[in-house]
Amino acid sequence: MIMMYFSLQNISEILYIKEMNHLTTIFPEYFPSIRTFQKMSRSDVVFILDDRPLRSGGKMNRMSIKTSAGKHYLTVPVYIPLHKKPIIRNLSIDSTRFWRKKHSKSLLVNYRNAPYFEHYWPVIETIFLRDYSDYMELFYESISVILSILNMNPRFVTGSGFHPAGSREEQILGILKKESCRSYLIEAGSEAYFDGSVLEENGYSCVKVPDSRLEYPQQFLGFESNLSVLDLVMNLGPETKYYLMKN
């Protein structure tokens, strides 16, 4: 039985938001976080930052899941040249580390009792049955599975395919114009590195998406926020999309 956490009013608000024609930017995360999908679920165009250097200590190639011990990271091993930060789109996966078997087993052990595990696991498991050498290929495979489950179909634009010039704000203005979007979605608390007033002065909106800590049923005791979107899918199933649009 599906438990409904969202009202008809919530759904009407979601439909209104989707009429706004939003753009957002994301890094190509491995099975992206809930926060990333919160932005994507509200957006018509998603700009993938694949032309940026890999950030030291970043979590882009790490998926966070819930275990009996709390939050746990599953990392895709990538080759990093000495004394050089590789560009994300050029990242290669170290296939000698047997990470696929480890990740598959971890998901099986920790989510086999989740309400929607049996429904979605067969398609998710296919990700771990293939060998990958290119990180971006893995990213697209992992995100495509989730988008299919959630029936989401944003338009993707990549930094490597479109090279806007200028400051961060000027780059976003260029993408907004090119993609005919009216608003840019960005995480709340981004004021330190992005000046939304530049967009507003040019007739566009800068909409800040709050870091939602709305609790939902999870496996094991306690609650962990901003896990991989896989955690939502396994626990909420069809209601995942409504959770992402909440607040």
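These numbers were taken from a predicted model, which means no experiment stands behind them.

(A) Examining the sheet that holds strand E7 (residues 205-209) more closely. Spatially, the five strands line up as an open sheet ordered E5-E2-E1-E6-E7, and their pairing is parallel. If you trace the sheet from one side to the other, it starts and ends with strand E5 (155-158) and E7, each paired once. Ignoring strand direction, the axes of neighbouring strands in this sheet form an average angle of 30 degrees. Of the strand pairs in this sheet, strand E6 (residues 183-187) and E7 are connected by five bridges, and their pairing is parallel. Bridge pairing in E7 links Tyr 184 to Cys 206. Where helix H6 (residues 168-178) meets the sheet, its contacts fall on strand E1 (22-26), strand E2 (45-48), E5 and E6, and the angle it forms with E1 comes to roughly 135 degrees.

(B) Looking closely at the packing of aromatic side chains. Counted according to the given criterion, the structure contains ten aromatic pairs. On the basis of an interplanar angle of 20 degrees and a centroid distance of 5.2 Å, the ring pair of Phe 117 and Trp 121 is categorised as stacked. Residue Phe 117 and its partner Trp 121 are located together in helix H4 (residues 117-125), separated by four residues, close to a single helical turn. Trp 121 shares its class with Phe 117; the two are buried. Considering the side-chain rings of Tyr 216 and Phe 223, the 5.4 Å spacing of their centres and the 90 degrees angle between planes classify their relative orientation as edge-to-face. Looking at Phe 223, the relative accessible area reads 24%, which means it is partly exposed. Put simply, the rings of Tyr 30, Phe 31, Trp 99, Phe 117, Trp 121 and Phe 128 pair up and form one aromatic cluster. The aromatic ring of Tyr 73 is capped on one face by Arg 62, whose charged end is 4.0 Å from the ring centroid. It is Lys 178 that lies over the ring of Phe 162; its NZ or CZ is 5.1 Å from the centre.

About the cut-offs
- Residues numbered from 1 in each chain as written.
- Predicted model: local features only at pLDDT ≥ 70, side-chain atom pairs only at ≥ 80, totals over all residues.
- Heavy atoms only, no water.
- Pairing = 2+ DSSP bridges.
- Helix = DSSP H or I, 4+ residues; strand = E, 2+ residues; numbered from the N terminus.
- Axes fitted to C-alpha atoms, helices over the stretch in contact; angles between N-to-C directions.
- Contact = heavy atoms within 4.5 Å.
- Phe/Tyr/Trp six-rings, centres within 6.5 Å; stacked < 30°, edge-to-face > 60°.
- Buried < 20%, exposed > 50% of the residue type's maximum accessible area, 1.4 Å probe, protein only.
- Lys NZ or Arg CZ within 6 Å of the ring centre and 35° of its normal.

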